[in-house]
Amino acid sequence: MTIETISETRCFGGTMGFYRHASETNHCDMRFSVFVPPAAEDGKVPVVTFLSGLTCTEENFMVKSGAQRVAARLGLMLVSPDTSPRGEGVPDDPDEDYDFGLGAGFYVNATEAPWSKHYQMYDYVTRELQSVVFDNFPGDADRHGLTGHSMGGHGALIIGLRNPQMFRSLSAFAPICTTLHSPWGQKALSYYLGDDKNRWSEYDACEVARNVSDNSAYSRILVDQGANDPWLAEQLKPELLQSACNSSGLPLQFRSHDGYDHGYYFISTFIEEHLTFHADQLKA
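Source: prediction; values computed, not measured.

S.K.: Help me out: how do you make sense of the packing of helix α2 (residues 67-74) against helix α9 (residues 264-281) in this one?
M.R.: In a packed pair of helices, the relevant descriptors are the angle between the two axes and the axis-to-axis distance. Look at α2 against α9: their axes get within 9 Å of each other, and the N-to-C directions meet at 30°. Classed by the angle they form, the pair α2 and α9 counts as roughly parallel. Seen from above, α2 lies across α9 with right-handed handedness. Contact residues: α2 offers A67, R69, V70, A71, R73 and L74, while α9 offers I271, E272, L275, T276 and A279. For the contact of α2 with α9, the residue count by class is 7 nonpolar, 1 polar and 3 charged.

In structure tokens:
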């Protein structure tokens, strides 16, 4: 698959790059970012993919998190895709709001028109992006971790729990833990999947966690949450994820942090601990 380089620059001895390719899955151009650490000069390195949240692009995590310094030291390659399809003909929120459509793909495969043609983000992350990354960059597909924030934390949990053969480590920052009981999730899935809520369960992190087939696939799942997050009670509901993991026996480590909110000051504070967690899980 051909990819176009938008920009590349040196960063902590490695390379920070932004790229674009024609997506057969989403029927539009998709953009993504990759940080290649200096350790890749000696061979393939483990990879951590970060899924971003509402309104974000492939740039937010790489620009705001400060993750490259840590990834360079740990020898991790970082990957961050855009959060939705974009471009001419890609439908947006009919209400012109921020929480649906462009920048809000929710990492699902839409089944309802007009969204179904382009919004196939679950397949994009689990199939096409895998080929794009591992065919073009020095990452080791057998040592791949997954994390994300907010909507991307929801994406990381549902994708990681449903695809343990693809990922060896899993974490999340302030994830939307239940799309079934979150106004953000309810709006998005009603458009993308229709009104039958039975079809929503495969994209609800709590339902996936409660019904996971193998609770030993991950030795530990790390989730961090800011206790001062303004979306905590209405949209995120981590207590439901804790209950679901307790029910199924999933090894969830949930940490709440006083004084922290939902933004990148929170992420940048704990990104080193998350990347260290992934590096430990991804050792050869």
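S.K.: Can you help me understand a negative patch on the surface in this one?
M.R.: A surface patch of negative charge is lined by D92, D95, E96 and D97. Mapped onto the elements of the fold, D92 is located in the loop between β5 (77-81) and α3 (121-136). By relative accessible area, which is 34% here, D92 ends up partly exposed.

S.K.: Could you clarify how one ought to interpret unusual backbone geometry in this entry?
M.R.: Phi is mostly negative for residues that are not glycine, and the peptide bonds are mostly trans. For the peptide bond that leads from A113 to P114, omega is 0°, which places it in the cis range. Residue H27 is not a glycine yet carries a positive backbone phi of 55°. Assignment of secondary structure puts H27 in the loop between β2 (14-23) and β3 (28-36). With a relative accessible area of 47%, H27 lands in the partly exposed category. Although it is not a glycine, Y107 adopts a positive phi angle of roughly 55°. Looking at the secondary structure, you find Y107 in the loop between β5 and α3. With a relative accessible area of 0%, Y107 lands in the buried category.

How each quantity is defined
- Residues numbered from 1 in each chain as written.
- Predicted model: local features only at pLDDT ≥ 70, side-chain atom pairs only at ≥ 80, totals over all residues.
- Heavy atoms only, no water.
- Axes fitted to C-alpha atoms, helices over the stretch in contact; angles between N-to-C directions.
- Helix = DSSP H or I, 4+ residues; strand = E, 2+ residues; numbered from the N terminus.
- Parallel < 35°, antiparallel > 145°, perpendicular 65-115°, else oblique.
- Left-handed = near helix turned anticlockwise from the far one by under 90°.
- Contact = heavy atoms within 4.5 Å.
- Nonpolar A, V, L, I, M, F, W, Y, C, P; charged D, E, K, R; others polar.
- Patch = residues over 30% accessible without salt bridge, like charges linked within 9 Å, V, L, I, M, F, W, Y side chains within 5 Å.
- Areas by Shrake-Rupley, 256 points an atom, 1.4 Å probe, with all protein chains shown as cover.
- Salt bridge = Lys/Arg side-chain N within 4 Å of Asp/Glu carboxyl O.
- Lys, Arg positive; Asp, Glu negative; His and termini not counted.
- Charge placed at Lys NZ, Arg CZ, Asp CG, Glu CD.
- Buried < 20%, exposed > 50% of the residue type's maximum accessible area, 1.4 Å probe, protein only.

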